[in-house]
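Summary of structural features
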There are 2 protein chains.
Amino acid sequence: MRFTSEQRLDDGVLEREFTLGEIPGILWTPGSVSAPAPLILLGHPGGLHRMYPRLVARARHSAAEGFAAATLELPGSGDRPRSAAAEEARADLRRALAAGEPVDDEIVDRLVLPLVEKAVPEWRAALDALLSLPEIGGPVGYSGGVIAIGIRLAVVEPRISAALLFAGSYVPRRMFEEARQVTIPLQVLLQWDDEGNDRQMALDLFDAFGAKEKTLHANMGGHTGVPHFEGDDATRFFARHLR
Amino acid sequence: MRFTSEQRLDDGVLEREFTLGEIPGILWTPGSVSAPAPLILLGHPGGLHRMYPRLVARARHSAAEGFAAATLELPGSGDRPRSAAAEEARADLRRALAAGEPVDDEIVDRLVLPLVEKAVPEWRAALDALLSLPEIGGPVGYSGGVIAIGIRLAVVEPRISAALLFAGSYVPRRMFEEARQVTIPLQVLLQWDDEGNDRQMALDLFDAFGAKEKTLHANMGGHTGVPHFEGDDATRFFARHLR
């Protein structure tokens, strides 16, 4: 991991861009910390520049509670090389949604499974690098989408102690079996009227999670309309589980 | 409304028992208030004595935020005269649940509709009396079950500005039409594995509510296992809407 830029935000949060090999990422650490900070990995749909305003807002929220936050560009997004197969699957998904047709499992598999296979080892490598910094201690939480990435990470990465999963994207049916293996505390965020997602699939997924402590928060407002107060709720969820 | 007893709780909250005609009730007001307090009506399944520990905990939570809280015994519960028809309907419901059978709509109608018809005017009368006290100002929230009572109150009582509804009891199908007329902000609490409720009915009900701002919180733990943190979430919901 190599830091490429550094700036101090007005609330004292230190923002550092880094690269992990060829993969860009951003790390935010609280302005004043007395001990190594717990870390929240901020998931997103891809495109760090486009997502930056929302990511930095979430990072500031976390930093105000004493948590560090970090994120990584997804394979095929932002400045990273595109995958022709993924672009094609995404176009097929959009076509099905626009036509109001049910989304074929095979489209979801083509779109999501390779992404999960590629992204999860990258996030784990980022975790290795981040946890080697003296200012970051752990435990670690995962927050956001892509939910299928969050599920896989929650299953394979024992350093992740709690996850807030945004149920705003399709999950391959074959990953429901993995969902049953997720036993860390979960908070699942669902936009009830998400125009680009399948509500019943999200409810089935919530039901499938093996966690004894799992909470579903459903709100109105469409895919991008998550209410502001969910940011506070997210911070409180992590405060309960990363302290 | 006649006050029958008064005690100061250790956190300064003033607890007063009252009767409204023949109906017993309890009012809690914050220890120190500078202005007339908003009021939260605390719904419950009936039986003030049995429910007292949970009611007083909810009232203390509310008082800590500067809200008064009040509750009223339900028709046919506690020391109030039993309804033979309601007792019979309740026995039929329990029999169906114990046998793992689907619950007939007509059982739900027999159990819930007369309760709603009788209770709602009583709560409205209590509201008249409570809002005439100088220490209580409004706005007013409704919090808890019986959810069918909360729905009817939200539709017919314009002084109620926000409702936190506990989806822990059956709702007559014909009341779904009323649910569509509920437009005040709602937070709906659902126990995902509630042994005495129908999850799909609760999700359909959440979908039916006409409110633009509605949030569903679903948790594990069975009917009585609502997690402690939902108490804080409830208070924050009312702080957003009753201030």
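Before reading on, note that the structure itself is shown above.
Keep in mind the model is a prediction, meaning the values are calculated, not measured.

The secondary structure content of chain A amounts to seven helices and nine strands. Relative to a compact globule of 243 residues, whose C-alpha radius of gyration would be 18 Å, chain A shows 17 Å and is just as compact. Along the three orthogonal principal directions, the C-alpha set of chain A runs to about 50 × 40 × 30 Å. Contacts in chain A between residues far apart in sequence, at least 24 positions, make up 68% of those at least 6 positions apart. Of the roughly 10,300 Å² of accessible surface on chain A, a fraction of 52% belongs to carbon and sulfur atoms. Taken as two groups, the 26 positive and 34 negative side-chain charges of chain A have centres that lie 2 Å from each other.

Residues and elements named next belong to chain A. Along helix H1 (residues 48-64), the largest kink reaches about 40° and is centred on arginine 54. Within H1, burial applies to Leu48, Met51, Leu55, Val56, Ala59, Ser62 and Ala63. Buried residues along H1 sit in contact with strand E2 (14-20), strand E3 (23-29), strand E4 (37-42) and strand E5 (68-72). Directly beyond the C-terminal end of H1, a positive phi value near 90° is found at glycine 66.

Glancing now at the environment of A:Arg16. All names here are of chain A. Counting through the fold element by element, arginine 16 comes out in strand E2. By relative accessible area, which is 9% here, arginine 16 ends up buried. In this structure the C-alpha to C-alpha distance between arginine 16 and alanine 89, which are 73 residues apart in sequence, comes to 33 Å. Those residues in contact with arginine 16 that lie beyond four places of it in its chain are Phe3, Ser5, Glu6, Gly25, Ile26, Leu27, Thr29 and Glu135. In terms of polar contacts, arginine 16 uses its side chain to reach the side chain of glutamate 135, at 2.7 Å.

Before going further, it helps to spend a moment on the relation of the copies chain A and chain B. When chain A is fitted to chain B, the residual RMSD is 0.0 Å, and the transformation amounts to a turn of 180° plus an axial shift of 0.0 Å. In the structure described here, the two chain copies are related by an operation that fits a two-fold rotation axis. When C-alpha positions in chain A are compared against the rotation axis, the closest is assigned to A:His217, at 2.4 Å. Comparing interface residues between copies, 100% of those in chain A also sit at the interface in chain B, which points to an isologous, same-surface contact.

Counting residues at the interface gives 19 residues for chain A, matched by 19 residues for chain B. For the chain A and chain B pair, buried surface summed over both sides reaches about 1,700 Å², with 56% attributable to carbon and sulfur atoms. When the area that chain A buries against chain B is broken down by residue, the three leading residues are A:Trp192, A:Met220 and A:Phe229, summing to 29%. The tally of links between chain A and chain B comes to two salt bridges. Taking the shortest distance from any N to any O, the salt bridge between B:Arg199 and A:Asp207 comes out at 3.2 Å. In this structure, the connection of chain A to chain B is made through nine residue pairs in polar contact (both at pLDDT 80 or more). For the side of chain A that touches chain B, the secondary structure elements donating two or more residues are helix H6 (199-208), strand E9 (214-219) and helix H7 (229-241) of chain A. In terms of residues, the side of chain A that touches chain B owes the most to one element, E9(A), which gives six residues.

What follows is about the side chain of A:Asp194. All names here are of chain A. Tracing the backbone shows aspartate 194 in the loop between strand E8 (186-191) and H6. Comment: no salt bridge for buried aspartate 194; closest opposite-charge side chain is arginine 199, at 9.7 Å. In this structure the side chain of aspartate 194 is engaged in a polar contact, spanning 2.9 Å, whose partner is the backbone nitrogen of glycine 196.

Let us look at the pairing of strand E5 (residues 68-72) of chain B. Residues and elements named next belong to chain B. Counting buried positions along E5 yields five of five residues, so the element is predominantly enclosed. Residue alternation in E5 divides its side chains into two sets, Ala68, Ala70 and Leu72 and Ala69 and Thr71, and both sets are buried. Examined bridge by bridge, strand E4 (residues 37-42) and E5 share three bridges and lie parallel to one another. The partner of leucine 41 across the bridge, within E5, is alanine 70. Between the parallel elements E4 and E5, the chain passes through helix H1 (residues 48-64) in a crossover that is right-handed.

Below, the discussion takes up the packing of helix H3 (residues 105-131) of chain A against helix H4 (residues 147-156) of chain A. Residues and elements named next belong to chain A. At a minimum axis separation of 9 Å, H3 and H4 run at an interaxial angle of 50°. Relative to H4, the element H3 lies oblique. When the axes of H3 and H4 are compared, the crossing they make is right-handed. Residues Val112, Leu115, Val116, Glu117, Ala119, Val120, Trp123 and Arg124 of H3 pack against Ala148, Ile149, Arg152, Leu153 and Val156 of H4. A breakdown of the residues in the contact of H3 with H4 according to their chemical character gives ten nonpolar, no polar and three charged.

Another point: the packing of aromatic side chains. Two measures describe an aromatic ring pair: the distance that separates the ring centres and the angle between the ring planes. Considering all chains together, one arrives at eight aromatic pairs over all chains under this definition. When the ring of A:Trp123 is compared with that of A:Tyr142, the centres are 5.9 Å apart and the planes differ by 70°; the resulting orientation is edge-to-face. Here A:Trp123, found in helix H3, pairs with A:Tyr142, found in strand E6 (residues 136-144); they are 19 residues apart in sequence, far enough to count as distant. Note on accessibility: A:Trp123 and A:Tyr142 belong to one class, buried. Directly above the ring of A:Phe3 sits A:Arg16, whose terminal nitrogen or CZ lies 4.6 Å from the centroid. B:Arg240 extends its terminal NZ or CZ atom over the ring of A:Phe229, reaching a point 3.6 Å from the ring centre.

So, how was this worked out
Residues numbered from 1 in each chain as written. Chains lettered and ligands numbered in written order. Predicted model: local features only at pLDDT ≥ 70, side-chain atom pairs only at ≥ 80, totals over all residues. Heavy atoms only, no water. Helix = DSSP H or I, 4+ residues; strand = E, 2+ residues; numbered from the N terminus. Rg over C-alpha atoms; globule rule 2.2 N^0.38 Å. Contact = heavy atoms within 4.5 Å. Areas by Shrake-Rupley, 256 points an atom, 1.4 Å probe, with all protein chains shown as cover. Lys, Arg positive; Asp, Glu negative; His and termini not counted. Charge placed at Lys NZ, Arg CZ, Asp CG, Glu CD. Bend = angle between axes of the 7 residues up to and from the residue. Buried < 20%, exposed > 50% of the residue type's maximum accessible area, 1.4 Å probe, protein only. Polar contact = N/O pair within 3.5 Å; in protein donor to acceptor, adjacent residues only side chain to side chain. Least-squares fit on C-alpha atoms with pLDDT ≥ 70 in both. Buried area = accessible area lost by both parts, 1.4 Å probe. Salt bridge = Lys/Arg side-chain N within 4 Å of Asp/Glu carboxyl O. Pairing = 2+ DSSP bridges. Right-handed = clockwise from strand over helix to strand, strands pointing away. Axes fitted to C-alpha atoms, helices over the stretch in contact; angles between N-to-C directions. Parallel < 35°, antiparallel > 145°, perpendicular 65-115°, else oblique. Left-handed = near helix turned anticlockwise from the far one by under 90°. Nonpolar A, V, L, I, M, F, W, Y, C, P; charged D, E, K, R; others polar. Phe/Tyr/Trp six-rings, centres within 6.5 Å; stacked < 30°, edge-to-face > 60°. Lys NZ or Arg CZ within 6 Å of the ring centre and 35° of its normal.

That's the geometry; what it means functionally is another story.
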